[in-house]
Amino acid sequence: MSINSHTNTQDTVRVKTLIEESKDSRKLLMLGEKTIPKVLFVVAFLSLLTTVGIVLVLVTETIEFFERVSVIEFFTGTVLRPLSQNPEFGVLPLINGTIISSLIAMLVAGPIGIMTAVFLSEYASDRTRRVLKPMLELLAGIPTIVYGFFAFTFVTPLLRQFIPELGATNILSPGLVMGIMIIPMIASLSEDAMSAVPNAMREGALALGATKLEVTFKVIIPAALSGIIASFVLGISRAIGETMIVTIASGSSKNFTLDVTESMQTMTAYVVEVAAGDAPAGSTIYYSLYAVAMTLFLFTLVMNILARYVSRRFREEY
Amino acid sequence: MKYMESDQVLKKMNRRILYNNLFKGVFFLATTVGIIVLAILLIQVFTEGIGYINVNFLSGRLSTDPDHAGIMGAILGTLWLMAVVIPITMLLGVCTAIYNELYAKQGKAQSVIQTNIANLAGVPSIVYGILGMTIFVRTLGLGSVVLAGGLTMSLLVLPIVIVSSQEAIRAVPQHLSEASFGLGATKWQTVKNIILPAALPGILTGTILALSRAIGETAPLVVLGIPALLIPFPGGLFDRFTVLPMQIYYWTLDASLVDEYANLASATIIVLLFMLFLLNSTAIIIRNKFQKRY
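Predicted, not measured: the structure shown is a model, and the values here were computed from it.

## Re the environment of A:G251
Residue and element names in this part refer to chain A.
- By the element assignment, G251 lies in the loop between α9 (244–250) and α10 (267–276).
- A relative accessible area of 17% means that G251 is categorised as buried.
- Sequence separation between G251 and G209 is 42 residues; the distance between their C-alpha atoms is 54 Å.
- If we skip the residues at most four places from it in the chain, G251 touches T169, V246, S263, M264 and Q265.

## A few points about the packing of aromatic side chains
- Per the counting criterion, the structure on display carries 18 aromatic pairs over all chains.
- Taking 5.6 Å as the distance between ring centres and 85° as the angle between the ring planes, the aromatic pair formed by A:F65 and A:F89 counts as edge-to-face. Here the residue A:F65 occupies a position in helix α1 (residues 2–66), and A:F89 occupies one in strand β2 (residues 88–89), the gap between them amounting to 24 residues.
- On the numbers, 6.3 Å between centres and 40° between planes, the contact of A:F66 with A:F75 is tilted.
- Residue class for A:F75 comes out partly exposed when judged on its relative accessible area of 39%.
- Members of the aromatic cluster, each reached through a chain of ring pairs, are A:F65, A:F66, A:F74, A:F75 and A:F89.
- Against the face of B:F233 rests B:R61, its NZ or CZ located 4.2 Å from the ring centre.

## Here's the deal with empty space enclosed by the protein
- One pass over the full model with this rule turns up one cavity of 30 Å³ or more.
- Size it by volume and the largest cavity reaches roughly 40 Å³.
- Around the largest cavity, the lining residues are A:S47, A:T50, B:I117, B:L120, B:L155, B:L158, B:P159 and B:I162.
- Sorting the residues of the lining of the largest cavity by element identifies α1 of chain A together with α4 (108–122) and α6 (146–170) of chain B as the ones contributing at least two each.
- No other element matches the four residues that α6(B) contributes to the lining of the largest cavity.
- Residue composition of the lining of the largest cavity, by class: six nonpolar, two polar and no charged.

## Some points on the domain arrangement of chain A
Residues and elements named next belong to chain A.
- By the assigned domains, chain A splits into domain 1 (1–67) and domain 2 (75–313).
- Centre-to-centre separation of domain 1 and domain 2, based on C-alpha positions: 46 Å.
- Tallying the contact residues gives 10 residues for domain 1 and 11 residues for domain 2.
- Together, L58, E61 and F65 form the three largest contributors to the area buried by domain 1 at its contact with domain 2, with a combined 59%.
- Counting across the domain 1 and domain 2 interface gives zero salt bridges.
- Across the domain 1-domain 2 interface, the total number found is one residue pair in polar contact (both at pLDDT 80 or more).
- Its residues placed into classes, the side of domain 1 that touches domain 2 shows seven nonpolar, one polar and two charged.

Cut-off values and rules
- Residues numbered from 1 in each chain as written.
- Chains lettered and ligands numbered in written order.
- Predicted model: local features only at pLDDT ≥ 70, side-chain atom pairs only at ≥ 80, totals over all residues.
- Heavy atoms only, no water.
- Helix = DSSP H or I, 4+ residues; strand = E, 2+ residues; numbered from the N terminus.
- Buried < 20%, exposed > 50% of the residue type's maximum accessible area, 1.4 Å probe, protein only.
- Contact = heavy atoms within 4.5 Å.
- Phe/Tyr/Trp six-rings, centres within 6.5 Å; stacked < 30°, edge-to-face > 60°.
- Lys NZ or Arg CZ within 6 Å of the ring centre and 35° of its normal.
- 1 Å grid on protein atoms, 1.4 Å probe; cavity = no way out; pocket = protein on both sides within 12 Å on 5 of 7 lines; lining within 4 Å.
- Points joined across faces, edges and corners; volume = space filled by probe spheres on them.
- Nonpolar A, V, L, I, M, F, W, Y, C, P; charged D, E, K, R; others polar.
- Domains from an automatic or database assignment.
- Buried area = accessible area lost by both parts, 1.4 Å probe.
- Salt bridge = Lys/Arg side-chain N within 4 Å of Asp/Glu carboxyl O.
- Polar contact = N/O pair within 3.5 Å; in protein donor to acceptor, adjacent residues only side chain to side chain.

Okay, here's the thing in structure tokens:
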């Protein structure tokens, strides 16, 4: 009896300390439970800080630029001569070059991308798709500098055999190569949109006697239109922001023209030229880099917001 | 009275079937366009460059003399860049993904963060270059060193890592964490012991793909002011450096001056593509080997 009660009290003491210990470790655990989300929140906030950083840097330096060059002169000027004795800072030649190169790229990537998407989503067998898709992904994984090299050393000389008046640097060749680069992006986004169309709709149309082609044009594409348009807009945004291909293959002439055989400069290529040219900090040229980058940033931002708006607003829900 | 002209119906039907087959061919041809160009590009690069790859080229220092030019410095620079980008993007990316997926309350703040990440992914790389040049190189006074380049590249690829990590975390089935909670584990214990290990293959795959984007990027580094000809090898975070894409860029620009520079650029492209190939193979192996199906 006495032995029993002895062990009992000892046990109680042991259990009590165990409870105490467990409470202590529980407290530590709970402290962690409370602080860790806060730490994670701070880190998650860092990504927001990147945006703030980009906007802040661009806005402050752009304001500095507009104190030297008027906003109207910048946005309506058709002449860009940053290095001349009496420099002129019209951004229109750069916007012109950007739009033309993107347009050429989209003329290639748009039709080919959507036809690729149709083939992969509607016609290809599982086996064909398994072979073709990784190849397209490979195309998307090639660094842009490699495309630039390809445009400059292969595509331009090739085109010059057919178009003798084509310059050694021109906007046509980088535009075409940029189009090839964007095909995988448009194809894969459009294919996602087409695959999301329920099979019941396909089967319904096929059961009514439509051919696959008719199903594609009358059922699938209308149903997936929002996704397809969104992929186009994202493709344009990608083309606008593309830098190395146009920098290498289109040269640095700031021509304000519609002639695609001539050298033109895009906004991105101008930033590269000025930044690589070691413009002294504080000079007007240096600040012009930020004004152009700001314009570029706004262009792509609008495109990205538009793409999201289109795919959300006009989505057909099934 | 005849309701149907069977001849006409047959003719019409044959035409529709013909169109269908015709367009199937057109769609297939369109699909091959990209692949054919890719093949031409690779053949072009390999025929021009493969003869220039030898031990001296891979281990030598840069030189204006094409016969003695080597790209060891650029290879080391690329490796140093990776050494900065991997830990930073993994740490920031995974933490952000955990917060967004598992801790953030659904609401305004959450949607602001998500929209922001989507927008950041669409910002042209050259704008990141300007950010890096202004903040890291000039304001912090780092100069165009490994650390500045690495931080800039980290910011550039961070959205990719965040998005793929979020997808990996979302793919972990609910019942695993519910079982963990049922055994009395706290939220962080569940995250640390259950969710992260299960999501790790997906996170690693995303990080490797982001990394291959980072080592192929050129534009931000041009803006940072990476020099054309740099003789000493980088040995630390605060050394000036160059990377493979920069070397390709400079040799391509000068290809009209010295013909052989085009060959050197091709050879460098082969080395870069080989590194990308290794990275992507690793990603595929990780995905196939460690991806569990629940």
